[in-house]
Amino acid sequence: RHHWHRWTPDGWRQAEADLQDAIARAPGHASSHAWLAATYAVQGMFGLRRAREAFALAHGAVARALELDPGLPEAHEFRGAIALWHGWDWPEAGRWIRSAVRLNPGGAGHRHLLALLYAHVGRAGEALAEIRAALRIDPLSSIVNTDCAWVLYYARRHDEALAQCVATLRLDPNFAHARRLLGLVLSALGRSGEAVAELRAACDLARGDPRVDAWLGYGLARAGERDAANAILAELESRAQVGFVEPMWPARVSAGLGRVDDAYRWLERAWEERSRDLITLRVDAAWDALRPDPRWNDWIAKLGLGD
C-alpha cells in the first residue's frame, strides 16, 4: 500500500510484485486480492497497460476478493472503481462505492472515490462534500489532497484549486501528481509561463511516467510555444506507430494546439481502447477547444455524461 500510494509507475509495479508475493504466501487473504485489483486498475488508467487488459485483470482480482470476503469494503470500492473508470456505468459505480461507505463509514478511500464519481459527472457540490469528508478522515494523504484540487479544478474554481495544490505540495514537494495539476491549473488561469515551469518540474520528478510529456505538450501549446508542443506531439505519434501510446495523451496536446480534427481522431482511438481519461471530457478545461465542434454533444451523449 505504501508503494501504491506513491502514485508513480515504479510504485505501482512494486506494489504489484509485493501483492503477488503476499497472495503466494496467503492465497485466501481477500485484501491482497482487492489491492491487486486496484494496482491493475491504476496501471490501465494511466497507460502503463492497455486499459482492456488491465481492467480484465482487475475484474478477476476483485471478483476473487469478493468471493473470499463478500463484505470487504475495499473490494466493494474497487469494484465500483472498475465500473467508473472502465465500465462508464455511473449508477453501478455509485452502488458499489456507496456500499463500501456503508460498510466502513470511516474509510477515506471510499469517500475519495465517491467524490471523483460525482466530479466527473458534473455533481460538483456533492463531490466537494465527499472529498472534504475524506480529507477530515485522512488529512495528510497526498493523493486525497491532490484530488481535492482536481475536484475544485473540474468545478472551474481555479483559484481555490491553486491554493489546494500549493497546500498539497507543502505536505510533499516531490509529489509529481500534484505538481502536474498545479501546472494545469496555472494554465487555466492564463499564467502560462508559470504553468510550463511547473510542468517541467513535474517531468523531472516523474521520470518514467509516460503521461508527463503530454501534459507538458499541452502546457507549451497553451503558452504559445507551438514548435515545442508540436515536437512532443510528433514524438507521441511516432511512438504510437511502433507500440502502445495511451490515445488521450496526443489528444490532449492536439486540443491545446487547436488541432481539433486530430484531437477527435485520437478520441476515436481512445474509445476503442476504453481509455480512462475520456470521462474527463465534460469537466476538464483542457478539452474546451473541442466544445464548439458539432461532434462534442455526440461524444458527451455517447459517454452518458449529459445532464
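Everything below is about the structure shown above.
Below is a summary of the structure that appears in this document.

Calculation notes
Residues numbered from 1 in each chain as written. Predicted model: local features only at pLDDT ≥ 70, side-chain atom pairs only at ≥ 80, totals over all residues. Heavy atoms only, no water. Helix = DSSP H or I, 4+ residues; strand = E, 2+ residues; numbered from the N terminus. Rg over C-alpha atoms; globule rule 2.2 N^0.38 Å. Areas by Shrake-Rupley, 256 points an atom, 1.4 Å probe, with all protein chains shown as cover. Lys, Arg positive; Asp, Glu negative; His and termini not counted. Charge placed at Lys NZ, Arg CZ, Asp CG, Glu CD. Axes fitted to C-alpha atoms, helices over the stretch in contact; angles between N-to-C directions. Parallel < 35°, antiparallel > 145°, perpendicular 65-115°, else oblique. Left-handed = near helix turned anticlockwise from the far one by under 90°. Contact = heavy atoms within 4.5 Å. Nonpolar A, V, L, I, M, F, W, Y, C, P; charged D, E, K, R; others polar. Core = buried A, V, L, I, M, F, W, Y, C linked by side-chain atoms within 4.5 Å. Buried < 20%, exposed > 50% of the residue type's maximum accessible area, 1.4 Å probe, protein only. 1 Å grid on protein atoms, 1.4 Å probe; cavity = no way out; pocket = protein on both sides within 12 Å on 5 of 7 lines; lining within 4 Å. Points joined across faces, edges and corners; volume = space filled by probe spheres on them. Polar contact = N/O pair within 3.5 Å; in protein donor to acceptor, adjacent residues only side chain to side chain. Expected span 1.5 Å × (residues − 1). Phe/Tyr/Trp six-rings, centres within 6.5 Å; stacked < 30°, edge-to-face > 60°. Salt bridge = Lys/Arg side-chain N within 4 Å of Asp/Glu carboxyl O.

1. So, the overall build of the chain
Regarding its fold elements, the chain presents 16 helices and 0 strands. Against the 2.2 N^0.38 benchmark of 19 Å for 307 residues, the chain shows a C-alpha radius of gyration of 19 Å, consistent with a compact globule. Principal-axis analysis of the C-alpha atoms places the extent of the chain at approximately 55 × 40 × 40 Å. If you sum the accessible surface of the chain, you get close to 12400 Å²; carbon and sulfur atoms cover 50% of it. With 38 positive and 39 negative side-chain charges, the chain shows a separation of 2 Å between the mean positions of the two kinds.

2. Some remarks on the packing of helix H3 (residues 51-68) against helix H4 (residues 73-87)
H4 packs onto H3 with a crossing angle of 155° between their chain directions and a minimal axis gap of 9 Å. As far as their axial angle goes, H4 and H3 are roughly antiparallel. Along this stretch, H3 crosses H4, giving a crossing that reads as left-handed. Only Ala-75, His-76, Phe-78, Arg-79, Ile-82, Trp-85 and His-86 of H4 make contact with H3, whose side of the interface consists of Ala-51, Arg-52, Phe-55, Ala-58, His-59, Val-62, Ala-65 and Leu-66. The residue makeup of the contact of H3 with H4, split by class, is 10 nonpolar, 3 polar and 2 charged.

3. Looking at the nonpolar core
Trp-85, Tyr-153, Leu-267, Leu-278 and Leu-281 are the most contacted members of the largest nonpolar core, which has 112 residues in total. Among the elements that make up this core, the one with the highest residue count is helix H2 (residues 30-45) (10 residues). Residues within four places of Leu-267 in sequence aside, it is in contact with Met-248, Ala-251, Leu-278, Leu-281, Leu-290 and Trp-299.

4. Some remarks on the layout of surface pockets
Estimates place the volume of the largest pocket at around 690 Å³. Broken down by secondary-structure element, the contributors of at least two residues to the lining of the largest pocket are H2, H4, helix H6 (108-120), helix H8 (142-154), helix H12 (211-222) and helix H14 (248-257). Among the elements that take part in the lining of the largest pocket, H6 stands out by supplying 7 residues, more than any other. Looking at the lining of the largest pocket residue by residue, the class counts come to 21 nonpolar, 9 polar and 9 charged.

5. Description of the side chain of Glu-130
Note that Glu-130 resides in helix H7 (residues 124-137). By relative accessible area, which is 14% here, Glu-130 ends up buried. A polar side-chain atom of Glu-130 sits 3.0 Å from a polar atom in the side chain of Arg-111. If sequence neighbours within four positions are ignored, Glu-130 has contacts with Arg-111, Leu-114, Ala-115 and Tyr-118.

6. Observations concerning H7
Taking 1.5 Å per residue, 14 residues should reach 20 Å; H7 reaches 20 Å between its end C-alpha atoms and fits that length. Every buried residue belonging to H7 is among Ala-127, Leu-128, Glu-130, Ile-131, Ala-133, Ala-134 and Leu-135, and all of these are buried. Residues of H7 that are buried make contact with H6 and H8.

7. Regarding unusual backbone geometry
Here the phi dihedral of Trp-7 falls at roughly 60°; this positive angle occurs in a residue that is not glycine. If you trace the backbone, Trp-7 turns up in the segment before helix H1 (9-25). For Trp-88, which is not a glycine, the phi torsion comes out positive at approximately 50°. Position of Trp-88 among the secondary structure elements: in the loop between H4 and helix H5 (90-103). Among the residues examined, Trp-88 registers a relative accessible area of 10% and is labelled buried.

8. Details of the packing of aromatic side chains
Going through the model one piece at a time under the given rule, you end up with 12 aromatic pairs. Each ring, one from Trp-150 and one from Tyr-153, has its centre 5.7 Å from the other, and the planes form 80°; the classification is edge-to-face. Taken together, the positions of Trp-150 and Tyr-153, both in helix H8 and 3 residues apart, correspond to about one turn of that helix. You'll find Trp-150 and Tyr-153 in the same group, each marked buried. Judged by centre distance (5.3 Å) and plane angle (40°), the rings of Trp-150 and Tyr-154 are tilted. Of the two residues, Trp-150 and Tyr-154 are both situated in helix H8; the distance of 4 residues between them amounts to about one turn of the helix. Taken together through their ring pairs, the aromatic side chains of Trp-4, Trp-7, Trp-12, Trp-35, Phe-46 and Phe-78 make up a single cluster.

9. Section: the pattern of salt bridges
Taken as a whole, this structure holds 23 salt bridges when the rule is applied. Between Asp-213 and Arg-239 there is a salt bridge; the shortest N-O distance is 3.7 Å. Taken together, the positions of Asp-213 in helix H12 and Arg-239 in helix H13 (residues 226-242) put the pair 26 residues apart, joining distant regions of the chain. What makes Arg-239 partly exposed here is its relative accessible area of 26%. Note that Asp-288 is salt-bridged to Arg-291, the shortest N-O span being 2.8 Å. Asp-288 gets classed as partly exposed once you look at its relative accessible area, which sits at 29%. Shared partners join several salt bridges into a network, and the residues in it are Glu-237, Arg-259, Asp-262 and Arg-265.

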